[in-house]
Amino acid sequence: MAKEMIAMLLAGGQGSRLYALTEKLAKPAVPFGGKYRIIDFPLSNCVNSGIDTVGILTQYQPLVLNEYIGNGQPWDLDRLHGGVHVLPPYQKSSGSDWYKGTANAIYQNISFIERYDPKYVIILSGDQICKQDYSDFLRFHKEKDAEFSVAVMEVPWEEASRFGLMVADEDDKITEFQEKPKNPKSNLASMGIYIFNWDILRKYLEEDEANPESENDFGNNIIPNLLRDGRRMYAYHFSGYWKDVGTISSLWEANMEVLDPEHSGINLFDSDWKIYSRNSGMTGHKICPGAEVENAMITDGCRIKGTVKHSILFAGVKVEEGAIVEDAVVMGGTLIKSGAVVKHCIVAENVTIGENAVVGAMPSGDESGVATIGAGVTVGDGAKVGPKAMVSKNVEGGEEV
Amino acid sequence: MMNANKSALGIIFPNSHDALVPELVNVRLMASIPFASRYRLIDFILSSMTNCGINNVSLMVRNNYHSLMDHLGSGREWDLVRKNGGLTIFPPFADKTNKPFVGRVGALAGILEFLQDQKEEYVVLADTNVVVNFDFKALIDAHISTGADVTMAYNEQEIPESVLETTSNDKGFYYTFALQDGRITKMYVNSKAKGIQNFAMGIMLIRRELLIDLVNTAYVRGEVYLERDVLLHQLDRLNVQGYKYDGYVARIFDMKSYFDENMKLLDDYNLDALFSEAPVYTKIRDDNPSRYIAGAKVENIMVADGCIIEGEVENSVLFRGVKIAKGAKVKNCVLMQGTVVEAGADVEYVIADKDVTVSAGKELKGTDTFPVYIGKKQKV
């Protein structure tokens, strides 16, 4: 049975700029927004857009991601025909290869795509926070009778040179592609989300693979080749919330924006476009006598006895008496002991912050930065972790980092 | 580890004791009454069963069971989508001559053929008005080691004041025992005795073959209740053992106890006692985390996901998706899923059923002995 469109989700990125957070897990598996992981966004977008077949291309530290995806049931992607499939590189009779680039990852899974005989393939990226209706993107692609479409965002001109830019005419037809140019001719940044006609994608993947000089990358190779051949290429304008959370500061910022949906535009309280996730199964959270909670997002299993301000707490976080958590992202299962002060930072899963320890600081003068504590770390009693610190090993009591 | 053929199957009676809380079962049944911010009563006994390897569970529903069907779906959240066994819901069977069943004997008589076809050696019977995180493995072990015909679980507690005061029997039956070396020698129906009693929990274990025999005979004689009409009269013939349960027990026997048992879970000690034994599963709603907006003032509350809190909340249990607007005051309340308390409203000692709205500026106050109940979807 043929599918109209299936999705291929690039989730192999190491996310090295997230340092301690991605030492043991792939970037798409990084927790976000209180009870989600980054990959919940593209997956939920797929389901909400009517896409029921998704291939997830993994490579770097796939264990957590594999277990998290499981049979795809939390996203309603456990289907008889289709559903979600995790696709790591595998051995073939011709030998085995890691995914060499984004295009090569798709190339190595041509046989997977063929099983569904799709008309269109949408290529998604597993490191963005975005609520997007891919069915509207497909409608645009069909209306333009395009062979390739790319979702673009208008970015401020002064920042344009940081992005891959699409130069398009008044009919949105793409005439030129500039990768991080010094002199931008456009402010339409590629979101790295593409719709291809499957026959076209296949043709260009095979051609690209045959070229030993190629980096096998969509941005550097496939798109320029499409342009070279004068293919029908269009730019689809997206204007909703979109954030690449590839760095510690952008990840922290995006979490803080969740706290302020009225201004940031990222609304997780949208019953018409739910973001699905694998649930913790813990009891409702508790705000105990003496606690102070203001402007925060808190989820199941949390126990708050201290002060929590302008922060996001994931499942099962415990904040003991007298502890202060402010401007912080605290991931699941972390314990913040009494008297500890945790500010302006990201604390990963299952961390213990000792009594009276200090982690991070509000920006002041020349000291600013988002302190980061990696998963499973213990910060000893009375220890001090500075605002720029990146901690992935235990910190002894009283030690300063 | 247990041989799949040696284990027990579970039978739950979701409608039993409905009469105790008429308001709450107006639109549902005992088993689907919301409890502890994100659960329904049946989640506890059902999770206990699956956690103990009881993967063949039947529900003998009688009436008002749509909410329960909606909650359970295919049973996936309790890991009860199984090739062998899994979750079976038996709707009531009625024809010209038969009315829908009454009592456990009537219910079981309707599924005798099913019972005969099962492989499990034992049957666990349970109601849903007693909230426990129960270890059925220990019950089965005790049953085997004592060589009992029937084992009934009980805990030691007083019969509540309000139950002692009622004179009529129209709220159904409860049972207490006299024990000798663990064996039940006397069983009392609706006892008015004061002080600590051996109070039956509605959970019993029995060999499947014996259950079929007992039900067969009893049904022919027109008997209705397994304890009152069958076991009570055969205590000398059958070895009926009591199994003392020392874990946390929350009994729902009226509106007041429903309110109190929710409130008791605000104490960490009680919450841990009920939940730390084994996980309790429930239907997933995929709500976002709850949001506390600047200006919110909260203390001593238990809150599920999907809530938005801008006002003041104290000593309360909030279910999923509750909204407390700016300037609203909520104190000593149990607010079920989707309750909205609008700006400036002031509520105290209120049990709000699902999707209730308390309009702006309204004041509504019950007392600790008599919480005000607002029916489902009502606007105050």
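Cut-offs used in this document
- Residues numbered from 1 in each chain as written.
- Chains lettered and ligands numbered in written order.
- Predicted model: local features only at pLDDT ≥ 70, side-chain atom pairs only at ≥ 80, totals over all residues.
- Heavy atoms only, no water.
- Helix = DSSP H or I, 4+ residues; strand = E, 2+ residues; numbered from the N terminus.
- Rg over C-alpha atoms; globule rule 2.2 N^0.38 Å.
- Buried < 20%, exposed > 50% of the residue type's maximum accessible area, 1.4 Å probe, protein only.
- Contact = heavy atoms within 4.5 Å.
- Areas by Shrake-Rupley, 256 points an atom, 1.4 Å probe, with all protein chains shown as cover.
- Lys, Arg positive; Asp, Glu negative; His and termini not counted.
- Charge placed at Lys NZ, Arg CZ, Asp CG, Glu CD.
- Salt bridge = Lys/Arg side-chain N within 4 Å of Asp/Glu carboxyl O.
- Core = buried A, V, L, I, M, F, W, Y, C linked by side-chain atoms within 4.5 Å.
- Buried area = accessible area lost by both parts, 1.4 Å probe.
- Polar contact = N/O pair within 3.5 Å; in protein donor to acceptor, adjacent residues only side chain to side chain.
- Arc of directions from axis to C-beta.
- Domains from an automatic or database assignment.
- Nonpolar A, V, L, I, M, F, W, Y, C, P; charged D, E, K, R; others polar.
- pLDDT = per-residue confidence, 0-100.
- Pairing = 2+ DSSP bridges.
- Right-handed = clockwise from strand over helix to strand, strands pointing away.
- Phe/Tyr/Trp six-rings, centres within 6.5 Å; stacked < 30°, edge-to-face > 60°.
- Lys NZ or Arg CZ within 6 Å of the ring centre and 35° of its normal.
- 1 Å grid on protein atoms, 1.4 Å probe; cavity = no way out; pocket = protein on both sides within 12 Å on 5 of 7 lines; lining within 4 Å.
- Points joined across faces, edges and corners; volume = space filled by probe spheres on them.

Draft legend 1. The overall build of chain A, seen in detail. The helix and strand tally for chain A stands at nine helices and 31 strands. Relative to the compact-globule value of 21 Å for 401 residues, chain A shows a C-alpha radius of gyration of 22 Å, a close match. Oriented by its inertia axes, the alpha-carbon framework of chain A measures out at about 65 × 50 × 40 Å. The buried share among the 401 residues of chain A stands at 57%. Considering only contacts within chain A whose residues lie at least 6 apart along the sequence, 57% involve residues at least 24 apart. Here chain A displays about 16100 Å² of accessible surface, and carbon together with sulfur accounts for 45% of that area. Seen as two clouds, the 38 positive and the 56 negative side-chain charges of chain A have centres 3 Å apart.

Draft legend 2. Highlighting the pattern of salt bridges. The final tally for this structure, using the stated rule, is 46 salt bridges over all chains. Ionic pairing is found between glutamate 310 of chain B and lysine 326 of chain B, a salt bridge with its closest N-O pair at 3.9 Å. In this pair, glutamate 310 of chain B sits in the loop between strand E16 (308–309) and strand E17 (312–318) while lysine 326 of chain B sits in the loop between strand E18 (323–324) and strand E19 (329–331), placing the two residues 16 residues apart along the sequence. Through salt bridges with shared partners, a single network forms among Lys286, Arg303 and Lys305 of chain A together with Asp268 and Asp272 of chain B.

Draft legend 3. Looking closely at the nonpolar core. Residues Ile304, Leu313 and Ile353 of chain A together with Tyr292, Ile309 and Ile324 of chain B are the most contacted members of the largest nonpolar core, which totals 57 residues. Mapped onto this core, the elements with two or more residues apiece are strand E18 (296–298), strand E23 (324–330), strand E25 (341–347) and strand E28 (371–373) of chain A together with strand E15 (297–303), E17 and strand E23 (350–352) of chain B. Non-local contacts of leucine 313 of chain A, meaning those with residues more than four positions away in its chain, are made with Gly34, Met297, Ile298, Thr299, Cys302, Ile304, Val308, Val319, Val325 and Val330 of chain A.

Draft legend 4. The arrangement of the interface of chain B and chain A in detail. Listed as interface residues are 36 residues of chain B and, on the opposing side, 37 residues of chain A. Taking both partners together, chain B and chain A bury about 2900 Å²; carbon and sulfur atoms supply 46% of that area. Ranking the residues of chain B by area buried against chain A places Asp286, Arg291 and Tyr292 of chain B at the top, with a combined share of 24%. Taken together, chain B and chain A are joined by eight salt bridges. Where chain B meets chain A, there are 19 residue pairs in polar contact (both at pLDDT 80 or more).

Draft legend 5. Summary view of helix H10 (residues 268–275) of chain B. Residues and elements named next belong to chain B. Every buried residue belonging to H10 is among Asp268, Asn270, Leu271, Leu274 and Phe275, and all of these are buried. Projected down its long axis, H10 shows its buried positions confined to an angular sector of 165°, all on one face. At the N-terminal end of H10, a side-chain oxygen is found 2.9 Å from the backbone nitrogen of tyrosine 269, two or three residues along, and the residue is aspartate 267.

Draft legend 6. Up close: the domain arrangement of chain B. Residues and elements named next belong to chain B. Looking at the assigned domains, one finds that chain B contains domain 1 (8–275) and domain 2 (291–374). The junction of domain 1 with domain 2 conceals about 1700 Å² of combined surface from both sides, 71% of it contributed by carbon and sulfur atoms. Ranking the residues of domain 1 by area buried against domain 2 places Ser37, Phe259 and Leu266 at the top, with a combined share of 37%. Across the contact surface, domain 1 and domain 2 share one salt bridge. Across the pair aspartate 353 and arginine 28 runs a salt bridge, and its minimum N-O distance is 2.7 Å. Counting the contacts that link domain 1 with domain 2 gives three residue pairs in polar contact (both at pLDDT 80 or more). Listing elements by their share of the side of domain 1 that touches domain 2, those giving two or more residues are strand E2 (34–35), strand E3 (39–40) and helix H9 (255–264). At six residues, H9 tops the list of elements feeding residues into the side of domain 1 that touches domain 2. The residue makeup of the side of domain 1 that touches domain 2, split by class, is 12 nonpolar, two polar and five charged.

Draft legend 7. How the structure looks around the confidence of the model for chain B. On average, residues of chain B score 93 in pLDDT, and 97% of them are at 70 or above. As scored by the predictor, the complex reaches a pTM of 0.92 and an ipTM of 0.90.

Draft legend 8. Fine view of the pairing of strand E4 (residues 56–60) of chain B. All names here are of chain B. Of all five residues making up E4, five are buried, and the element is well covered by its neighbours. Note: strand E1 (residues 8–12) against E4, three bridges, orientation parallel. Along E4, the bridge assignment pairs isoleucine 11 with serine 58. Of the strand pairs in this sheet, E4 and strand E5 (residues 86–90) are connected by five bridges, and their pairing is parallel. Bridge pairing links methionine 60 to phenylalanine 90 in E5. As for the winding sense of the linkage, the β-α-β connection from E4 through helix H2 (residues 66–72) to E5 is right-handed.

Draft legend 9. Looking closely at the side chain of serine 37 of chain B. With respect to the element layout, serine 37 of chain B can be found in the loop between E2 and E3. With residues up to four places along the chain from it excluded, the contact list for serine 37 of chain B reads Gly284 of chain A together with Met302, Val303, Ala304, Val317, Leu318, Phe319 and Arg320 of chain B.

Draft legend 10. Representation of the packing of aromatic side chains. Scanning the model with the defined rule gives 23 aromatic pairs over all chains in all. Geometrically, the ring pair formed by tyrosine 194 of chain A and phenylalanine 218 of chain A is tilted, given 5.5 Å between the ring centres and 40° between the ring planes. Linking tyrosine 194 of chain A in strand E13 (residues 188–197) with phenylalanine 218 of chain A in helix H7 (residues 218–228), this pair joins segments that are 24 residues apart in sequence. Between phenylalanine 35 of chain B and phenylalanine 44 of chain B the ring centres are 5.9 Å apart and the planes differ by 75°, which places this aromatic pair in the edge-to-face class. Residue class for phenylalanine 44 of chain B comes out buried when judged on its relative accessible area of 1%. Chaining the aromatic ring pairs together yields one cluster made of Phe148, Tyr194, Phe196 and Phe218 of chain A. Sitting over the face of the ring of tyrosine 68 of chain A, arginine 37 of chain A holds its NZ or CZ atom 5.0 Å from the ring centroid. Across from the ring centre of phenylalanine 199 of chain B, 3.7 Å away, lies the NZ or CZ of arginine 251 of chain B, which sits over that ring.

Draft legend 11. Empty space enclosed by the protein, seen in detail. All names here are of chain A. This model, assessed by the stated rule, comprises two cavities of 30 Å³ or more. By volume, the largest cavity is sized at about 60 Å³. Forming the walls of the largest cavity are Phe41, Pro42, Asn45, Leu124, Ser125, Gln128, Cys130, Tyr134 and Ile193. No other element matches the three residues that helix H1 (residues 40–48) contributes to the lining of the largest cavity.

Draft legend 12. Examining the pairing of strand E12 (residues 174–179) of chain A more closely. All names here are of chain A. Across five bridges, strand E11 (residues 164–168) lies against E12 in antiparallel orientation. The residue bridging glycine 164 from the neighbouring strand is glutamate 179, located in E12. Here E11 folds back onto E12 in antiparallel fashion, the turn holding five residues, of which aspartate 172 has a positive phi close to 70°.

Draft legend 13. Quick peek at the side chain of arginine 320 of chain B. Residue and element names in this part refer to chain B. Along the polypeptide, arginine 320 turns up in the loop between E17 and E18. As a buried residue without a salt bridge, arginine 320 has its nearest oppositely charged side chain in aspartate 287, at a separation of 4.5 Å. Here the side chain of arginine 320 touches arginine 38 through a polar contact of 3.5 Å, landing on its backbone oxygen. At 3.1 Å, the side chain of arginine 320 and the backbone oxygen of lysine 283 are in polar contact. Setting aside residues no more than four positions away along its own chain, arginine 320 makes contact with Ser37, Arg38, Thr282, Lys283, Arg285, Asp287, Ala304, Asp305, Cys307, Gln337 and Gly338.

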